[in-house]
Number of protein chains: 2
Amino acid sequence: MAADFVTYDEIQVGDKASFSKTISESDVYLFAGITGDFNELHVNQPAAEKSLFKSRVVHGCLADSLVSTVLGMKYPGKGTIFLEKSVSYLKPVYPGDTVTVELTVAEKRERGRVLFDVSYYNQDGTEVIKGTALVLAPRKPEE
Amino acid sequence: MAADFVTYDEIQVGDKASFSKTISESDVYLFAGITGDFNELHVNQPAAEKSLFKSRVVHGCLADSLVSTVLGMKYPGKGTIFLEKSVSYLKPVYPGDTVTVELTVAEKRERGRVLFDVSYYNQDGTEVIKGTALVLAPRKPEE
């Protein structure tokens, strides 16, 4: 069985990994309940229609969380420790949009640290969020 | 009725706002379902006990999302547009921990932008996450 992670030594600058998900209305409402962010831009359609965005939008913090799914589940995977995240919210994400988060290894740093460039696209290929993620990568192969 | 936001002009450097929430096990499981991050550190107690953290931990991206609740609901509140977020995950947050996110206005920038310093503490006063948030503040009083 393949290991469910890659180690620091195996990681190479330029490696890519991604995850895609359609963000549903129910995701947005559950996220509002979890966080307490019931801003009308997220949960009040008539009010949101009068806003800059013309409709309800997904919480930026919900969309940007998809980076964690790649890091924890796919690459580097099991054993990864998330250290730092930065994001710029470029364009609105609407409920029903399918967001792809794509990570590219930008730098291998000392003491097991790996920096990723992170871009989030919607189903039209529009970049909606961009940022970086710094992790402590797994060090030893699974025994 | 008081306005449910403060405008750029009313905001002063040094202003503070905060929000506290006990992050439950159910929050963590719902968040795993929303994002797809089922890393064993979050949802597998025996495996997590063998980790550095000795128990399941809250997703960093869940805990850091509480900043959005302050920005969207309390200060500056309605009409705020979240532009940029950066966070460093300093210490683990465990299910059952009560996290307080405290925002302090660090800078008023041109074109309605406001930079906040953001610190997250657990119930013991330990800083668990720190970072910044940049927003576009509401500009006009409600009519």
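Right, let's walk through the structure included here.

Basis of the calculations
- Residues numbered from 1 in each chain as written.
- Chains lettered and ligands numbered in written order.
- Predicted model: local features only at pLDDT ≥ 70, side-chain atom pairs only at ≥ 80, totals over all residues.
- Heavy atoms only, no water.
- Helix = DSSP H or I, 4+ residues; strand = E, 2+ residues; numbered from the N terminus.
- Buried < 20%, exposed > 50% of the residue type's maximum accessible area, 1.4 Å probe, protein only.
- Pairing = 2+ DSSP bridges.
- Axes fitted to C-alpha atoms, helices over the stretch in contact; angles between N-to-C directions.
- Contact = heavy atoms within 4.5 Å.
- Parallel < 35°, antiparallel > 145°, perpendicular 65-115°, else oblique.
- Left-handed = near helix turned anticlockwise from the far one by under 90°.
- Buried area = accessible area lost by both parts, 1.4 Å probe.
- Salt bridge = Lys/Arg side-chain N within 4 Å of Asp/Glu carboxyl O.
- Polar contact = N/O pair within 3.5 Å; in protein donor to acceptor, adjacent residues only side chain to side chain.
- Nonpolar A, V, L, I, M, F, W, Y, C, P; charged D, E, K, R; others polar.

With that settled, the discussion passes to the overall build of chain A. A tally of helices and strands in chain A yields five helices and five strands. In sequence order, the secondary structure elements of chain A are arranged as β-α-α-α-α-α-β-β-β-β. Dimensions of chain A, computed from C-alpha atoms along their principal axes, come out at roughly 55 × 25 × 25 Å. Buried residues in chain A amount to 49% of all 143 residues.

Looking now at the pairing of strand β5 (residues 127–136) of chain A. Residue and element names in this part refer to chain A. Where strand β2 (residues 81–89) meets β5, eight bridges bridge the pair, whose relative direction is antiparallel. Bridging from a neighbouring strand, Ser86 pairs with Thr132 of β5. Bridge count between strand β4 (residues 113–121) and β5: nine bridges; the pairing is antiparallel. Across the sheet, Asp117 pairs through a bridge with Thr132, a residue of β5. Hairpin connection between β4 and β5: a loop of five residues separates the two successive antiparallel strands, and Gly125 in this loop has a positive phi of roughly 85°.

Time to look at the sheet that holds strand β2 (residues 81–89) of chain B. Sheets are built from strands paired through backbone hydrogen bonds, the pairs being either parallel or antiparallel. Read across the sheet, ten strands follow the order β1(A)-β3(A)-β4(A)-β5(A)-β2(A)-β2(B)-β5(B)-β4(B)-β3(B)-β1(B) without closing on themselves; strand pairing throughout is antiparallel. Among the strands making up the open sheet, the edge pair consists of β1 (16–22) of chain A together with β1 (16–22) of chain B. Strand after strand, the sheet turns through a mean of 20° between neighbouring axes, direction not considered. Pairing analysis gives seven bridges linking β1 of chain A to strand β3 (residues 98–108) of chain A, with the strands arranged antiparallel. Bridge assignment links Ser18 of chain A to a residue of β3 of chain A, and that residue is Glu102 of chain A. Against the sheet, helix α5 (residues 66–73) of chain A engages β1, β2, β3, β4 and β5 of chain A, with an angle of about 55° to β3 of chain A.

Before going further, it helps to spend a moment on the packing of helix α1 (residues 25–35) of chain A against helix α1 (residues 25–35) of chain B. The geometry of α1 of chain A relative to α1 of chain B is characterised by a closest axis approach of 10 Å and an angle of 155° between their N-to-C directions. Between α1 of chain A and α1 of chain B, the interaxial angle falls into the category roughly antiparallel. In this structure, α1 of chain A crosses over α1 of chain B, and the sense of that crossing is left-handed. Contact residues: α1 of chain A offers Asp27, Leu30, Phe31 and Ile34 of chain A, while α1 of chain B offers Asp27, Leu30, Phe31 and Ile34 of chain B.

This part takes up the interface of chain A and chain B. Chain A puts 36 residues into the contact, and the matching count from chain B is 37 residues. Of the roughly 3000 Å² buried where chain A meets chain B, counting both sides, 61% is carbon and sulfur surface. It is Ile34, Lys85 and Tyr89 of chain A that lose the most area in chain A upon contact with chain B, and together they represent 21% of the buried surface on that side. Counting the contacts that link chain A with chain B gives four salt bridges. Notably, a salt bridge pairs Asp64 of chain A with Lys85 of chain B, separated by 2.8 Å at the nearest N-O pair. Here chain A is connected to chain B by 16 residue pairs in polar contact (both at pLDDT 80 or more). Sorting the residues of the side of chain A that touches chain B by element identifies β1, α1, α2 (40–43), α4 (60–64), α5 and β2 of chain A as the ones contributing at least two each. By residue number, the principal contributor to the side of chain A that touches chain B is β2 of chain A, which donates nine residues. For the side of chain A that touches chain B, the residue count by class is 16 nonpolar, twelve polar and eight charged.

Quick look at the pairing of β3 of chain A now. Residues and elements named next belong to chain A. Sheet topology note: the β3/β4 ladder contains eight bridges and is antiparallel. Bridging across to β4, Val101 finds its partner in Tyr120. Between the end of β3 and the start of β4, which pair antiparallel, lie four residues, with Arg111 showing a positive phi angle near 55°.

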